[in-house]
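The chain contents come next:
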Amino acid sequence: MTDILGVFLLSVVAVLTAWCGFEASKWSGEMSIAFSQASSARIQAANADGEARSARSFDLTIYASFLQAVGEGNEELADYIRERFTPEFRVAYDAWVEDGMVEHAPFAREEYVPEGSVEAVELNALADEKFTQALEDNQRGDNYSLLTVLFALVLFLTAMSQRELVPWVGRTLLGLAIVVAVVGVVILTTFPIRI
């Protein structure tokens, strides 16, 4: 009877061990994909941030020219330059003037959002999300790998129980193998599956 139980346990646990190895490799692949997506989003965020810096620099240059024209009393030039404000800067400038020019410049206004700023924030948030997902996927793969080791222990104990030993030792090893296998299966049922 212990021989039949041992063979059955070896068969089932061999399949579970292979399943855990398969899942570990799948989660490792998911981790790699998420890390790649995080990296790509970081690069795109850096590009969007560079675009925002360029837009901010352009707005600063135009605004400095505008202030110079106003300071020199050249209203015609000041009006000409004001017409060339970017839409993002114009919104902040108009709000700044409407509120009595309390801040030092329109750039301090919350309405001033240079092109690329929103995209940079969104892409950085996406990169953070993908990086966190990659770490979770890595942990899931590690969990399946540890379960593979646990099932390998079951295989070892079951194989040892089949040796020509004192009967009570063989039954004890087989009983221990069954307990470890049940614990492993219970743990396995709590893990997410990726196919």
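Owing to the predicted nature of the structure, the values given are computational and were not obtained by experimental measurement.

On a plain count of helices and strands, the protein chain comes out with five helices and zero strands. Starting at the N terminus, the α and β elements of the protein chain follow one another as α-α-α-α-α. The C-alpha radius of gyration computed for the protein chain amounts to 33 Å, which surpasses the reference 16 Å derived for 195 residues by more than 25%, pointing to a less compact arrangement than a globule. Overall, the C-alpha framework of the protein chain stretches about 110 × 25 × 20 Å when taken along its three principal axes. Out of the 195 residues belonging to the protein chain, those deemed buried represent 31%. Sequence separation of at least 24 residues holds for 73% of the intrachain contacts in the protein chain that already meet a minimum separation of 6. In the form shown here, the protein chain has an accessible surface area of approximately 11,900 Å², with 63% of it arising from carbon and sulfur atoms. Each charge class in the protein chain was averaged separately, 13 positive and 27 negative side chains, and the resulting centres sit 11 Å apart.

Turning to the pattern of salt bridges, a few remarks are in order. Under the definition given, this model contains nine salt bridges. For R82, the salt bridge goes to D79, with nearest N and O atoms at 2.5 Å. One end of the pair is R82 and the other is D79, both in helix 2 (residues 75-82) and three residues apart, which spans about a single turn. For R82, a relative accessible area of 26% gives the class partly exposed. Three or more residues are tied together by salt bridges with common partners; here these are D99, E103, R109 and E111.

Moving on, we get to a nonpolar patch on the surface. Residues L5, F8 and V12 make up a contiguous nonpolar surface patch of roughly 260 Å² in combined accessible area. With respect to the helices and strands, F8 occurs in helix 1 (residues 2-71).

This paragraph deals with a negative patch on the surface. On the surface, E51, E115, E119 and E122 cluster together into a patch of negative charge. Tracing the sequence through the fold places E119 in helix 4 (residues 117-161). The exposure class of E119 is partly exposed, given its relative accessible area of 40%.

Tracing the backbone through its elements, the reader meets D49 in helix 1. Along the primary structure D49 and P114 are separated by 65 residues, whereas in three dimensions their C-alpha atoms are 9.5 Å apart. For D49, the contacting residues outside a window of four places in its chain are G116 and A120.

All right, on to the packing of helix 1 against helix 3 (residues 87-98) then. Interaxial distance between helix 1 and helix 3 falls to 11 Å at its minimum, and their mutual angle equals 45°. Between helix 1 and helix 3, the angle falls in the class oblique. Considering the relative orientation of helix 1 and helix 3, their crossing is right-handed. Residues D59, Y63 and F66 of helix 1 form the contact with helix 3, whose participating residues are F89, Y93 and W96. Class assignment of the residues belonging to the contact of helix 1 with helix 3 gives a composition of five nonpolar, no polar and one charged.

Space inside the largest pocket adds up to approximately 150 Å³. Within the residue set of the lining of the largest pocket, elements represented by two or more residues are helix 1 and helix 5 (167-188). Per-element accounting of the lining of the largest pocket gives the leading share, four residues, to helix 5. Across the lining of the largest pocket, the residue classes tally to four nonpolar, four polar and four charged.

Let us look at unusual backbone geometry. Located in the positive-phi region is M101, a residue other than glycine, with phi close to 50°. Summarising the element assignment, M101 is placed in the loop between helix 3 and helix 4. With a relative accessible area of 45%, M101 lands in the partly exposed category.

So, how was this worked out
- Residues numbered from 1 in each chain as written.
- Predicted model: local features only at pLDDT ≥ 70, side-chain atom pairs only at ≥ 80, totals over all residues.
- Heavy atoms only, no water.
- Helix = DSSP H or I, 4+ residues; strand = E, 2+ residues; numbered from the N terminus.
- Rg over C-alpha atoms; globule rule 2.2 N^0.38 Å.
- Buried < 20%, exposed > 50% of the residue type's maximum accessible area, 1.4 Å probe, protein only.
- Contact = heavy atoms within 4.5 Å.
- Areas by Shrake-Rupley, 256 points an atom, 1.4 Å probe, with all protein chains shown as cover.
- Lys, Arg positive; Asp, Glu negative; His and termini not counted.
- Charge placed at Lys NZ, Arg CZ, Asp CG, Glu CD.
- Salt bridge = Lys/Arg side-chain N within 4 Å of Asp/Glu carboxyl O.
- Patch = residues over 30% accessible without salt bridge, like charges linked within 9 Å, V, L, I, M, F, W, Y side chains within 5 Å.
- Axes fitted to C-alpha atoms, helices over the stretch in contact; angles between N-to-C directions.
- Parallel < 35°, antiparallel > 145°, perpendicular 65-115°, else oblique.
- Left-handed = near helix turned anticlockwise from the far one by under 90°.
- Nonpolar A, V, L, I, M, F, W, Y, C, P; charged D, E, K, R; others polar.
- 1 Å grid on protein atoms, 1.4 Å probe; cavity = no way out; pocket = protein on both sides within 12 Å on 5 of 7 lines; lining within 4 Å.
- Points joined across faces, edges and corners; volume = space filled by probe spheres on them.

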